[in-house]
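Residue-level structural notes
What follows is the residue order along each chain.
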Amino acid sequence: MVNVGKYAAKGLGALVLFVQAKDAHHYGKMRAAVKAETGDANALASAYINTQMLNVPSSSAMAMKDFMFKKTLNDNMGHFVNSVKGYFGGFATMLTYNVLPLGLGLSALLAKNKYIRGGSAIIAAAFMGLNFFKEGLGKGHSNDINPKY
């Protein structure tokens, strides 16, 4: 005998987890790009400003500063490191922001108790339905830019 409720709850839990992971991945990619570009810009600005000042009028000090500036121009490791840090930071931020649906989806998928699994699935479905009306249809929140009156 097939327990339809059990598999429906697990399927809904898996769907909620998929949606949360997809959102977190997308936000992580956006944050990675921003963090990498900002890090590159800050590193280049700092290296350029360093070449504009000399404590002592020394040609070897100027050559060293020019070398470090050119090294910064050709450096890809900083971009990669900042990109990885931005991705994981954005991914964690989005998972933290969506902790309620994430917890409901996990408990609907992994709970052994049928009442906990079913309750989590019902609350997760209600949460997703409310989110659809609020975000998808634009109902249930104020629109300060275009008021109704």
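Not measured: the values here are computed from a predicted model.

1. Structural notes on the packing of helix α4 (residues 99–110) against helix α5 (residues 114–136)
- For the pair α4 and α5, interaxial distance at closest approach is 8 Å and the crossing angle is 145°. Considering how the two elements wind past one another, α4 and α5 form a crossing that is left-handed. Contacts between α4 and α5 involve L100, P101, L104, S107 and A108 from the former and R117, S120, A121, I123, A124 and F127 from the latter.
- Of the residues in the contact of α4 with α5, the class split is eight nonpolar, two polar and one charged.

2. What to know about the environment of L44
- Here L44 shows up in helix α1 (residues 4–51).
- Leave out the neighbours within four places in its chain, and L44 touches F69, T72 and L73.

3. Considerations on the packing of α1 against α4
- Two elements in contact, α1 and α4, have axes separated by 7 Å at closest approach and are oriented at 145°. The way α1 lies across α4 gives a crossing that is left-handed. Taken together, the residues of α4 that come into contact with α1 (itself represented by A9, K10, G13, A14, V16, L17 and Q20) are P101, L102, G105, L106, A108 and L109.
- Grouping the constituent residues of the contact of α1 with α4 by class yields nine nonpolar, three polar and one charged.

4. Points about the confidence of the model for the chain
- Scored by pLDDT, the chain has a mean of 87; 93% of the residues are at 70 or more.
- When pLDDT is averaged over each helix and strand of the chain, the minimum, 87, is found for α5 and the maximum, 92, for helix α3 (residues 77–97).

5. A word on the layout of surface pockets
- Size it by volume and the largest pocket reaches roughly 390 Å³.
- Surrounding the largest pocket, 13 residues form its lining, N98, P101, F127, N131 and E135 being those nearest its centre.
- For the lining of the largest pocket, the secondary-structure elements that each account for two or more residues are α1, α3 and α5.
- Looking at the lining of the largest pocket element by element, the count peaks at six residues for α5.
- Across the lining of the largest pocket, the residue classes tally to seven nonpolar, three polar and three charged.

6. Observations concerning the environment of P101
- Residue position: P101 is located in helix α4.
- Each C-alpha atom of the pair P101 and K112 lies 19 Å from the other, and the pair is 11 residues apart in sequence.

7. Quick notes on the packing of aromatic side chains
- For the coordinates displayed, the defined rule picks out four aromatic pairs.
- Relative to F88, the ring of Y87 has its centre 5.5 Å away and its plane inclined at 75°; by these criteria the two rings are edge-to-face.
- Here Y87 falls in the partly exposed class, since its relative accessible area comes to 21%.
- Residue classification places F88 among the exposed residues on the basis of a relative accessible area of 53%.
- Centre to centre, the rings of F132 and F133 are 5.7 Å apart; their planes meet at 70°, and the pair counts as edge-to-face.
- On the basis of relative accessible area, F132 is assigned to the partly exposed category, the value being 48%.
- For F133, a relative accessible area of 46% gives the class partly exposed.
- Three or more aromatic residues link up through ring pairs in this structure, and these residues are Y87, F88 and F91.

Thresholds applied
Residue indices begin from 1 for each chain and proceed along its sequence in written order. Local features in a predicted model are, by the rule used here, given only for residues with pLDDT of at least 70; side-chain atom pairs are given and counted only at 80 or more, and totals for whole chains, interfaces and linings are based on all residues. Each side-chain value is derived from all of the structure's non-hydrogen atoms; neither hydrogens nor water enter the calculation. A fitted line through C-alpha atoms represents every axis, and for helices the fit uses only the stretch in contact; the resulting angles, taken between N-to-C directions, go from 0 to 180 degrees. Under the DSSP-based scheme used, a helix requires at least four consecutive residues in state H or I and a strand at least two consecutive residues in state E, with every element numbered from the N terminus. Crossings are classed by handedness, with left-handed meaning an anticlockwise turn of the near helix from the far one by less than a right angle and right-handed meaning a clockwise turn. It only takes one pair of heavy atoms within 4.5 Å for two residues to be counted as in contact. In this classification, Asp, Glu, Lys and Arg are treated as charged, Ala, Val, Leu, Ile, Met, Phe, Trp, Tyr, Cys and Pro as nonpolar, and every other residue, Gly included, as polar. Scored from 0 to 100, pLDDT reflects the predictor's confidence in each residue. A cavity, in this analysis, means grid points on a 1 Å lattice covering only the protein atoms where a 1.4 Å probe fits yet has no way out; a pocket is instead an open set bounded by protein on both sides within 12 Å along at least five of seven lines, and a residue lines either one if it has an atom within 4 Å of a point. Grid points are joined across faces, edges and corners, and a volume is the space filled by probe spheres set on the points. Side-chain rings of Phe, Tyr and Trp (the six-membered ring for Trp) are treated as a pair once their centres are within 6.5 Å; stacked means planes under 30 degrees apart, edge-to-face means over 60, and tilted covers the remaining angles. Only protein chains enter the accessibility calculation, which uses a 1.4 Å probe. A residue is then buried if its area is under 20% of the maximum for its type, exposed if over 50%, and partly exposed in between.

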